[in-house]
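Residue strings, one per chain:
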Amino acid sequence: MSVTLDPHEIAIKDGNPIWAISHLSQQFHLLDLNNLYHYTSISGFISIMQKQELWASHVAFMNDKSEFIHGKELFMQEIQRRICNVPEEEAKLLTDLCQILEQDSSDGIFAKSSKDVYSLSFSYNDDSLEMWRGYAQSGGIAIGFDRKNWSSTRELCLIRKELYSRLLEKCNNNPEEVYPEHERLFFPQRVLYEPKEKEEFARAVIDLGLEHFRFILKRSPKIAFISGTQFMSDTIFSLIPLLKHNCFCAEKEYRFVENSVERLPEQKYHVHFRERNGIILPYIKYKLVDENCRPLKQLPICSIIVGPCWKQQKVVDSVKYFLANNNMDYLVDKVRASNLPYIDT
């Protein structure tokens, strides 16, 4: 008889931040099957469709100057609140954790960076004035990824472009022979904005970490502090990018975050740079592939929305013509114009 394992219990006993994040994602509904929309410029749209690539941008050079800082401060406040109300061993653990949060990276096996954090952003709003103004001025495009149709999204994976290129080279540049390695399922997570929910989230993360610490402390006090700080710091550094100031709540953002500290030279990020709004913006490239790391026969796209602009109908017509002439006829009928009467002046 098979036994269903409780993800909460696994997270505590295993001490693996991946299990912890999975449990917290379920608890706070960070993952769902809403369709998600990636807002981009027209040139960005052309690149995405032709190359089947998405670009994750460095959060320090985006529109929120409190990126990562805001989330870290929320966790620090929760930790400081706890220190005076827990046993001595737990107070020491939390004090050590505060010091780690001031470092450039977490302290565990699955180390995460606080300095190099890249985000691939989506919104669950398909026609957002806030997004058109901020991310796709002068007639941008929102690409809707079909997540309600589970059979299509579960096959969609992302792999960093340079890692895919290495795999492709090993297979004599035959994309049909590439094997799964380094790929990640397309599961962006919901960003939290509402102050009370963020406080509850930080509290739940610390609760889980302390439960793990107590579990290890009973069995091996010598490694409890090491295991506790590694588990908690890796988990917290992974989740901080999901906490944003509530003034950005209209974006209704979901994020695919990359801030792993890669120790092997061949796995280091290849950072690209482009100009955006007068700033040099660092970014990393992801290749869109199926779950077997093979080229996608069709992109799982539910709609393509052309943003409001003076020449909106001409843009719609040009997008349809572009798709029809790039072997993407299956998407032509999914193109539509934004319903908003906004014009960028």
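Residues numbered from 1 in each chain as written. Predicted model: local features only at pLDDT ≥ 70, side-chain atom pairs only at ≥ 80, totals over all residues. Heavy atoms only, no water.

**Student:** Just to check I follow, could you spell out the overall build of the protein chain for this structure?
**Tutor:** For the protein chain, the helix and strand inventory stands at eleven helices and twelve strands. Computed over C-alpha atoms, the radius of gyration of the protein chain comes to 22 Å, within 12% of the 20 Å expected from 2.2 N^0.38 for 345 residues, which places it in the range of a compact globule. When burial is assessed residue by residue, the protein chain has 52% of its 345 residues classed as buried. A sequence separation of at least 24 residues applies to 80% of the contacts in the protein chain between residues at least 6 apart. (Helix = DSSP H or I, 4+ residues; strand = E, 2+ residues; numbered from the N terminus. Rg over C-alpha atoms; globule rule 2.2 N^0.38 Å. Buried < 20%, exposed > 50% of the residue type's maximum accessible area, 1.4 Å probe, protein only. Contact = heavy atoms within 4.5 Å.)

**Student:** Would you explain the environment of Glu 258 in this entry?
**Tutor:** Mapped onto the elements, Glu 258 comes out in strand 8 (residues 253-258). Sequence separation between Glu 258 and Cys 157 is 101 residues, and the spatial gap between their C-alpha atoms is 14 Å. Excluding residues that lie within four positions of it along the chain, Glu 258 makes contacts with Asp 116, Val 117, Tyr 118, Arg 160, Arg 184, Tyr 269, Ile 284 and Tyr 286. Looking at Glu 258, its side chain comes within polar contact range of the side chain of Ser 260, at 3.0 Å. Polar contacts involving the side chain of Glu 258 include one to the side chain of Tyr 286, which spans 3.2 Å. (Polar contact = N/O pair within 3.5 Å; in protein donor to acceptor, adjacent residues only side chain to side chain.)

**Student:** Any chance you could explain the pattern of salt bridges here in plain terms?
**Tutor:** Side chains bearing opposite charge may pair, as long as their charged atoms lie close to each other. Going through the model one piece at a time under the given rule, you end up with 20 salt bridges. One salt bridge in this structure joins Glu 9 and Lys 13, with 2.6 Å as the shortest N-O distance. With Glu 9 and Lys 13 both in helix 1 (residues 7-14), this residue pair falls four residues apart, about one helical turn. Here Asp 96 makes a salt bridge to Lys 92, at a shortest N to O gap of 3.2 Å. In this pair, Asp 96 and Lys 92 both sit in helix 5 (residues 88-101), four residues apart, roughly one turn of the helix. Exposure remark for Asp 96: the relative accessible area of 23% places this residue in the partly exposed category. Sharing partners across several salt bridges, the network here consists of Glu 67, Lys 244, Glu 251, Glu 253 and Arg 255. (Salt bridge = Lys/Arg side-chain N within 4 Å of Asp/Glu carboxyl O.)

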